[in-house]
Amino acid sequence: MPSTSRPGRGLKNFILPEMGRLLETGDPWEPYQVLDAFGRPIEPITTFLKDLIAADSSPLTPRSYGMDLLRWWRYLWAFDIEWDRAVREDARDFMLWMRLADKPVRVHWRHRGKEPAEIPQLSRSDRPAPGTPNPVTGKPTVGMKYAPSTRAHCETVLRSFYDFHLDRHSGSLLVNPFPLVRNRRSARANAHHNPEKEHKKQRTGFYRPKVPKRIPRRIPEEKYTEVFAGLRSHRDRALLAFWVATGARAEELLTSTQGGANVGEQTIGVIRKGTRDYQELPATRDAFVWLRLYQEEAWKKGVPRGRKQALWWTLRRPWRPLEYDAARMMFTRANRLLGANWTLHDLRHSATFLMLDDPNMPPVYVQHILGHKYLSTLDIYNRPSRDDVIAAGLAHHARQEHRKKNPPPAPSAPAYNSETLNILFGRPEA
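Small disclaimer: the values here were computed from a predicted structure and weren't measured.

Criteria and cut-off values
- Residues numbered from 1 in each chain as written.
- Predicted model: local features only at pLDDT ≥ 70, side-chain atom pairs only at ≥ 80, totals over all residues.
- Heavy atoms only, no water.
- Helix = DSSP H or I, 4+ residues; strand = E, 2+ residues; numbered from the N terminus.
- Polar contact = N/O pair within 3.5 Å; in protein donor to acceptor, adjacent residues only side chain to side chain.
- Contact = heavy atoms within 4.5 Å.
- Core = buried A, V, L, I, M, F, W, Y, C linked by side-chain atoms within 4.5 Å.
- Buried < 20%, exposed > 50% of the residue type's maximum accessible area, 1.4 Å probe, protein only.
- Phe/Tyr/Trp six-rings, centres within 6.5 Å; stacked < 30°, edge-to-face > 60°.
- Lys NZ or Arg CZ within 6 Å of the ring centre and 35° of its normal.
- 1 Å grid on protein atoms, 1.4 Å probe; cavity = no way out; pocket = protein on both sides within 12 Å on 5 of 7 lines; lining within 4 Å.
- Points joined across faces, edges and corners; volume = space filled by probe spheres on them.

*Asks:* Please clarify how the side chain of Asp36 should be interpreted in this entry.
*Replies:* In this structure, Asp36 sits in the loop between strand S2 (32-35) and helix H1 (43-54). Here the side chain of Asp36 touches Phe38 through a polar contact of 3.0 Å, landing on its backbone nitrogen. One polar contact links the side chain of Asp36 to the main-chain amide nitrogen of Gly39, over a distance of 3.1 Å. Not counting residues up to four positions away in its chain, the partners in contact with Asp36 are Gly20, Ile42 and Trp77.

In structure tokens form, the structure reads like this:
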């Protein structure tokens, strides 16, 4: 049994090695594989991911889980630790490294194999400092450290992975190196929970970080108009109009087919991310106008036509259905013209705010349109946003300054009614 103290481990200057990779196979039976340095699938991870697929998880779940497991495996390879011999001190050091160390810098595929002097560098004036708020949106840029949500997701994945293999008695594994909190180790989560009350999110993992609550941001109407004006094609304008009109997730709208766009009913059909159910969503007339302009232009160029064909395609040959990464890059380019850093998901937040601002729109309908399981999910939109708080604070200061410059008139001195005094003292009326 290896020593649990792991002497001589220095994490301050540790750099995660770029060993192994996550492979997208295109096979629905095994959509993603985590490969080692020799290109061989890692059997414990393969078994775990197959179990996730059999549990009817989202097709993207094996991808996110595989990325976290690959990061953990690279850490184990760096210190020559077998996965089933990892102990709590290994998990502790790994989570500590994720919290304090800088993220590995990824080299763009165009610059691989080049010397550092051959790679073009942006000047400091053109590149905002990591983690600083964007001057247009107020959202912080991507920092150099792992985000708390990333670390929390990684801890959950690794703890679930070891729980899975503990139940299977895999290898020489005896304990889970990622334990639960001290007061929860002897029982399952929510063992004595009242079924009549809603479940609350709890810190089940001992090394799970605290994740700050995020306040959804909306794109102001004037800024949205500027972003819309910076788009290059009718396809991009139609996409943006539908995202804001329907509140659909970015990847959900890309699942629409040409037959799913019903102009007469003014609805568009999408495949929901979680349940993978087909649902029709209402949209605006302007969105269908831009869609028609895009289709007329695309069909003349030779884009495949048919009710079962995809609705959104690439703008150049060879024609391929539009994927999420290409749509995200399109929106990022439009953002750069304004110096903003909004995301496609901010369009969904903007659509939600617009629906909830309508007093004639019941929240339960908004819940159904957004595809949320619980109505309480909409509670995050009741929290004041950064812009609302600042606007209210500035309005308060303006009222205080106006009051100082224009003080209210002093109240008049109290006086008695002469008629009342005459009656009281018996005086004759004048």
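*Asks:* Please explain the nonpolar core as it appears in this structure.
*Replies:* Most often, soluble globular proteins keep nonpolar side chains buried together rather than apart. In terms of nonpolar packing, the biggest core is built from 48 residues, with Leu240, Phe242, Trp243, Leu291, Trp312, Phe331 and Leu347 touching the most fellow members. Taken together, the elements giving at least two residues each to this core come down to helix H5 (221-229), helix H6 (234-246), helix H7 (250-253), strand S4 (267-271), helix H8 (285-301), helix H9 (324-336), helix H10 (344-356) and helix H11 (363-370). Looking at this core element by element, the count peaks at seven residues for H6. What Phe242 contacts, discounting residues up to four positions off in sequence, is Gly247, Leu253, Ile268, Ala283, Ala287, Phe288, Leu291 and Trp312. Listed in part, the 35 residues of the second largest apolar core include Trp72, Ala91, Ala101 and Tyr162.

*Asks:* What is the right way to read the packing of aromatic side chains from this model?
*Replies:* Any pair of aromatic rings gets described here by the distance separating the centres and the angle formed by the planes. In the structure shown here, the tally under the stated rule is 27 aromatic pairs. Arranged with centres 6.1 Å apart and planes meeting at 25 degrees, the rings of Phe48 and Tyr65 form a pair that is stacked. On the criterion of sequence distance, the pair formed by Phe48 in helix H1 and Tyr65 in helix H2 (residues 61-78) is long-range, its members being 17 residues apart. On the accessibility criterion, Phe48 (4% relative accessible area) is buried. The ring of Phe206 carries the charged tip of Arg88 above its face, separated from the ring centre by 4.7 Å.

*Asks:* Could you clarify how one ought to interpret empty space enclosed by the protein in this entry?
*Replies:* The method is simple in principle: a probe with the dimensions of a water molecule rolls over the atoms, and the space it marks as empty is what remains. Here the structure, examined in full by the defined rule, presents one cavity of 30 Å³ or more. For the largest cavity, the calculated volume is near 40 Å³. Lining the largest cavity are Gln258, Tyr294, Gln295, Ala298, Trp299, Val303, Leu311 and Trp313.

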